[in-house]
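Notes for the structure review
Spelled out, the chains give:
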Amino acid sequence: MHALLYAALVATIAARARAWLLPLQLKTTHTTACRAATPSPPERECKTALVTGASRGLGLAVATLLVQQDYHVILTARSEADGLKAASDLSAHCQGTGEITFRQLDVSSPDSIKHFATQCLPTLPSGSLTAVFNNAGVCLPGADIATLQYSLGVNFYGPLRVMEACLPFMDEEGVVVNVSSGDGELLWLNSDIAEALRQAQTVQDVRAAADDILQRAALDPGAELAFGATPAYSVSKALLNAAVRCRHGIPYAPDPAEGALNAGRASSRGGGSTAQRPAVIAVCPGDVRTLMASEEEAQREGVLSALEAAAHVVGLATWRERTAGGLFYRYGAVIPW
Ligand SMILES: NC(=O)c1ccc[n+]([C@@H]2O[C@H](COP(=O)([O-])OP(=O)(O)OC[C@H]3O[C@@H](n4cnc5c(N)ncnc54)[C@H](OP(=O)(O)O)[C@@H]3O)[C@@H](O)[C@H]2O)c1
């Protein structure tokens, strides 16, 4: 019953967003802060959400749905020109709904995150953040040391730093959504690396595992880290997933709901931490038709549009009572690490 209701809600959100976005490409202006065409009613509850890597693809689609749901969106991108264009395009279509503020943020740069944290977070429009979408990501072929360092910088260390900067500014019911990937499931990893991540109990342990992996790749450039064409990507997302689990103190278990139960933190919906807030989760958006997907992948059956995938991702943050912290989700359901 829950699954049917969930599927219907997601389909409705994505369809409404598609209709609403039809003229999106028509207008561009350049402003740093954009206000919806119709001012917000004064009695409306103001919620603020942060989205990283929102210049295009899934991040822009997530920002779109949030604006449509009356959020004040802090839309961030590493390129100021691309981010401003995305924000102003979106702003031009915000009839009577949320607001958008653009901020430059390169998640691979600790200085950029520090600057964002000191300049933007203390002046949030609603005083706190309700949702953070750690969406920015890169998927590069290979696993040479430079590719590995860069991939971990954007996909693992970056989201961790953004999360640490944002958590003190989050409201009690807040949710941090880390956009991960099924490519980061442990079954794709070299068995030693997978085992180290299973054993990790704290975020510090996961950071140590990341340092070990980088050291191993530097010493032995031929070392196999993961199966498939994008091993650095798989490793970076697996580290992110492990950090999410450890952040909520959930021990590894083949069945993630069982791991949560063992930790004595189960929710009534089969695992995960509902007690510890803000909830920090990982989500695989499924296969999505964006620049990240190859042409062949984009043609595959079952590939989602960015808006369809964003409806699943946003749903986890906005239907908070369904979402338990410390778990990995796809299409609203918990999936294995
Ligand atoms: N597409 C899929 O099938 C798929 C499947 C599973 C998971 N995902 C995940 O979904 C997320 C979004 O990917 P997407 O499909 O929308 O791909 P995309 O179209 O390539 O978008 C990636 C976004 O991340 C931004 N970005 C990259 N490095 C950044 C940095 N250092 N700082 C800030 N922003 C940065 C990019 O900005 P620039 O324009 O500046 O590069 C771009 O806006 C990623 O985390 C990805 O791993 C995607």
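Residues numbered from 1 in each chain as written. Predicted model: local features only at pLDDT ≥ 70, side-chain atom pairs only at ≥ 80, totals over all residues.

The criterion, for reference: UniProt positions are given in the numbering used here, feature names are shortened, and annotations may be inferred rather than shown by experiment.
By the naming in an unreviewed UniProt entry, the protein is Short-chain dehydrogenase/reductase SDR, taken from Tribonema minus. Under the Sequence similarities (unreviewed entry) heading, UniProt states for the protein: "Belongs to the short-chain dehydrogenases/reductases (SDR) family."

Some remarks on the packing of helix 2 (residues 57–68) against helix 11 (residues 306–318)
Between two packed helices, what matters for the description is the angle formed by their axes and the separation of those axes. For clarity, the threshold we go by: Lines fitted to C-alpha atoms define the axes here, with helix axes fitted over just the stretch in contact, and angles between the N-to-C directions of these axes take values from 0 to 180 degrees. Helix and strand labels come from DSSP, where a helix needs a run of H or I of at least four residues and a strand needs a run of E of at least two; each type is numbered from the N terminus. Should the near helix be turned anticlockwise from the far one by less than a right angle, the crossing is left-handed, and should it be turned clockwise, the crossing is right-handed. By definition, residue pairs are in contact when their C-beta atoms, positioned from the backbone, come within 7 Å. Think of it as three bins: nonpolar holds Ala, Val, Leu, Ile, Met, Phe, Trp, Tyr, Cys and Pro, charged holds Asp, Glu, Lys and Arg, and polar takes everything else, Gly as well.
Put simply, helix 2 and helix 11 touch, their axes get as near as 8 Å, and they point 65 degrees apart. Like other packed secondary-structure pairs, helix 2 and helix 11 cross with a definite hand, here right-handed. Of the residues in helix 11, those touching helix 2 at Gly57, Leu58, Ala61, Val62, Leu65 and Leu66 are Ala306, Leu307, Ala309, Ala310, Ala311, Val313 and Val314. Split by residue class, the contact of helix 2 with helix 11 holds 12 nonpolar, 1 polar and no charged.

Some remarks on the nonpolar core
What counts here: We define the nonpolar core as any set of buried residues of the types Ala, Val, Leu, Ile, Met, Phe, Trp, Tyr and Cys, connected via C-beta atoms lying within 7 Å of each other. To sort residues by exposure, count the other C-beta atoms lying within 10 Å of each residue's C-beta; 20 or more gives buried, 12 or fewer gives exposed, and values between give partly exposed, all with C-beta atoms placed from the backbone.
Counting residues in hydrophobic clusters, the biggest one holds 94 residues, and the most contacted among them are Val62, Val177, Leu239, Ile281 and Ala310. A per-element tally of this core places helix 8 (residues 231–247) first, with 10 residues.

Thoughts on the environment of Met292
Within the element layout of this structure, Met292 appears in the loop between strand 7 (279–284) and helix 10 (295–299). On a C-alpha basis, the gap between Met292 and Cys139 in space is 6.8 Å, while along the polypeptide they are 153 residues apart. Ignoring sequence-local partners within four residues, the contact set of Met292 consists of Gly57 and Cys139.

Section: the site of the ligand
We count it as follows: We call a residue near a molecule or strand when its C-beta atom, built from the backbone, sits within 6 Å of it.
Near the ligand there are 30 residues, and of these Gly53, Gly57, Ala136, Gly137 and Met292 occur at the shortest range. The biggest single contributor to the shell around the ligand is helix 2, with 3 residues. Across the shell around the ligand, the residue classes break down as 14 nonpolar, 11 polar and 5 charged.

Regarding the packing of helix 4 (residues 110–119) against helix 5 (residues 145–166)
As a reminder of what qualifies: Roughly parallel refers to an angle under 35 degrees, roughly antiparallel to one over 145, roughly perpendicular to one between 65 and 115, and oblique to any angle outside these ranges.
Two numbers describe how helix 4 lies on helix 5: the axes approach to 10 Å, and their chain directions differ by 20 degrees. Our classification of the angle between helix 4 and helix 5 gives roughly parallel. The handedness of the crossing between helix 4 and helix 5 is right-handed. For the pair helix 4 and helix 5, the contacting residues are Pro110, Ile113 and Ala117 in the first and Arg161, Val162 and Ala165 in the second. Its residues assigned to classes, the contact of helix 4 with helix 5 comprises 5 nonpolar, no polar and 1 charged.

Quick notes on unusual backbone geometry
Residues other than glycine seldom take positive phi values, yet Asp70 does so here, at roughly 75 degrees. Its place among the elements puts Asp70 in the loop between helix 2 and strand 3 (71–77). The partly exposed category is assigned to Asp70, around which 18 C-beta atoms lie within 10 Å. Phi at Tyr331 takes a positive value of approximately 50 degrees, unusual for a residue other than glycine. Within the secondary structure, Tyr331 is located in the loop between strand 8 (328–330) and strand 9 (333–334). Of the residues examined, Tyr331 has 19 C-beta atoms within 10 Å and is grouped as partly exposed.

Re the pairing of strand 7
To keep it simple, the criterion reads: What makes two strands pair is DSSP finding at least two bridges between them.
Of all 6 residues in strand 7, 6 are buried; the element is thus mostly enclosed. Burial along strand 7 is two-sided: Ala279, Ile281 and Val283 facing one way and Val280, Ala282 and Cys284 facing the other are all buried. The pairing of strand 6 (residues 170–179) with strand 7 spans 5 bridges and is parallel. Following the sheet pairing, Asn178 is matched in strand 7 by Ala282. Relative to strand 8, strand 7 runs parallel, the two sharing 3 bridges. The residue of strand 8 that forms the bridge with Ala282 is Phe328.

Examining helix 6 (residues 191–199)
To keep it simple, the criterion reads: The arc in question is the one spanned by the directions pointing from the helix axis to the C-beta atoms.
Taken together, the buried positions of helix 6 are occupied by Ile193, Ala196 and Leu197. With its buried residues spanning 95 degrees around the axis, helix 6 presents them on a single face. Opposite the packed face of helix 6, turned more than 90 degrees from it, sit the exposed residues Ser191 and Gln199. Check the buried side of helix 6 and you find it contacts helix 7 (203–219) and helix 8.

Here's the deal with the pairing of strand 3
What counts is decided by this rule: If the strands point away from the viewer and the path from the first strand over the helix to the second runs clockwise, then the crossover is right-handed.
Judged by how many residues are buried, strand 3 sits mostly within the fold: 7 of 7 residues are covered. Every second residue of strand 3 is oriented toward a common face, with Tyr71, Val73, Leu75 and Ala77 on one face and His72, Ile74 and Thr76 on the other, all of them buried. Bridge count between strand 2 (residues 47–51) and strand 3: 5 bridges; the pairing is parallel. Paired with Lys47 across the two strands is Tyr71, which belongs to strand 3. Tracing the backbone out of strand 2, into helix 2 and back to the parallel element strand 3 gives a crossover that is right-handed.

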